[in-house]
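# Remarks on the overall topology
Each chain, written out:
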Amino acid sequence: MTGGRIGIVGAGAFGTALAVTLARDGRDVALWLRDAERAWKMQEKRENEARLAGVLFPENVSVTADLDGICDADAVLLCLPMQVLSGFLIGSGKALSGRPLVACCKGIDLERLTGPSAIISNEVPSARSAVLTGPSFAADIAMGLPTALTLACREAGLGETLQQQLSTATLRLYLTDDVAGAELGGALKNVIAIAAGIVIGAGLGESARAALMTRGYAEMTRLALAFGARAETLGGLSGLGDLVLTCTSAQSRNFRFGVALGSGQAFDPSVTVEGAATAKAVSNLGKKRGIDLPVTRMVAALIDGHIDLPNAIQTLLSRPLKKE
Ligand SMILES: NC(=O)C1=CN([C@@H]2O[C@H](COP(=O)(O)OP(=O)(O)OC[C@H]3O[C@@H](n4cnc5c(N)ncnc54)[C@H](O)[C@@H]3O)[C@@H](O)[C@H]2O)C=CC1
Ligand SMILES: O=C(CO)COP(=O)(O)O
């Protein structure tokens, strides 16, 4: 499909990659960022040098710092880090009311202990919402490499429309109505990716990483089922698919953060690492609901410095033996 007008909130790596790929496929795209001077420079340069250097914008991408510029879009993609989503919607959500809002962030809000779709319905009650998630690095999307994602929407008609509006020749969207499963899979895989990075960084080996990924997947499924998700969603692109990508690629910021943690190296604090705050949020959620999440709990404790690495490994390895 070509045509249509898409608004994108957040000119980070992901928002910019989606803007470019949708524009190449014929959509008019308005890319919003909060800083007027940066917006003007990006509009002039036709490139996001900070987050996606070397990818030139097609002429049908316009960059703006004025939310009015995206208010008439057929759909608005929210490509902000999870922990700033509620603040953005509290301040600016009104301007977007009536638009279909598609959450593209992966995580659980630390204060509210909910995912992005609940934040949208709380802050913009009139909004019709969906979640876009699944295995995709911004750079791969921007290069036009084949990518398959999950679009989760409770409203069948809206889901089908968005699937058409947001799929391109190289970006294939698979539709589900299991919003809880899609967003929990996307949030939790980042936590497990940090754990996988720790395993590799600490020199524990690839066999240990495979074990960690498998037990982490069991943990993701346990939590998601408790929130009404379907197991098949966890086994799909937004769960297992994204878990595999993120736990095995050095392109992943969550994985690289884990490697740094496991090897005692510093990590640039300006890099977005969604799994760090989400580990704490999910750990709190597990406690509240009485769900056993040993890997997540350990990642949260390591990040907070409540346990050191040798003790964390020892604690996980000395858990009572049980059935798979
Ligand atoms: N980069 C990737 O490969 C992918 C990222 N995602 C998800 O997309 C979301 C965004 O990630 P990225 O674009 O990669 O992050 P990023 O770090 O590249 O960009 C985040 C952008 O948000 C802006 N921002 C931060 N706070 C803001 C606020 N209060 N108001 C307005 N703008 C604000 C920053 O200026 C920056 O441009 C995350 O939840 C991530 O998990 C999903 C799939 C792939
Ligand atoms: O979500 C992603 C891939 O699907 C991006 O992963 P990182 O945020 O770890 O870079």
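Described below are features of the structure shown in this document. Here the structure is a predicted model, which means the values were calculated and not measured. (Residues numbered from 1 in each chain as written. Chains lettered and ligands numbered in written order. Predicted model: local features only at pLDDT ≥ 70, side-chain atom pairs only at ≥ 80, totals over all residues.)

Our next topic: the site of ligand 2. Looking at ligand 2, there are 13 residues lining it, with Pro135, Asp242, Ser252, Arg253 and Asn254 nearest. Listed by contribution, the elements that provide at least two residues to the shell around ligand 2 are α7 (179-201), α10 (237-248) and α11 (253-263). The leading source of residues in the shell around ligand 2 is α10, at three residues. (Near = placed C-beta within 6 Å. Helix = DSSP H or I, 4+ residues; strand = E, 2+ residues; numbered from the N terminus.)

This paragraph deals with the site of ligand 1. In the vicinity of ligand 1 lie 24 residues, with Gly12, Phe14, Cys105, Ala138 and Thr272 positioned nearest. Broken down by secondary-structure element, the contributors of at least two residues to the shell around ligand 1 are α1 (13-24) and α3 (82-92). In terms of residues, the shell around ligand 1 owes the most to one element, α3, which gives four residues. Residue composition of the shell around ligand 1, grouped by class: 13 nonpolar, seven polar and four charged. (Nonpolar A, V, L, I, M, F, W, Y, C, P; charged D, E, K, R; others polar.)

What follows deals with helix α12 (residues 274-289). Since the α-helix packs 3.6 residues into each turn, any two residues three or four apart lie on the same face. Along its 16 residues, α12 runs 22 Å from first to last C-alpha, staying within 8% of the 22 Å computed at 1.5 Å per residue. Burial runs high along α12: twelve of the 16 residues are buried. Within the span of α12, buried status applies to Glu274, Gly275, Ala276, Ala277, Thr278, Ala279, Lys280, Ala281, Val282, Ser283, Leu285 and Gly286. On its buried face, α12 is in contact with α3, α7, α8 (206-226), α11 and α13 (294-303). Looking at the residues trailing α12, positive phi occurs at Gly290, about 65 degrees. (Expected span 1.5 Å × (residues − 1). Buried ≥ 20, exposed ≤ 12 C-beta atoms within 10 Å, placed from the backbone. Contact = placed C-beta atoms within 7 Å.)

Where α7 contacts α11, the axes come no closer than 6 Å and their chain directions differ by 40 degrees. Considering the angle they form, α7 stands oblique to α11. Handedness of the α7/α11 crossing: right-handed. Contacts from Asn190, Ala193, Ile194, Ala195, Ala196, Gly197, Ile198, Val199, Ile200 and Gly201 of α7 reach α11 at Asn254, Phe255, Arg256, Phe257, Gly258, Val259, Ala260, Leu261, Gly262 and Ser263. By residue class, the composition of the contact of α7 with α11 is twelve nonpolar, seven polar and one charged. (Axes fitted to C-alpha atoms, helices over the stretch in contact; angles between N-to-C directions. Parallel < 35°, antiparallel > 145°, perpendicular 65-115°, else oblique. Left-handed = near helix turned anticlockwise from the far one by under 90°.)

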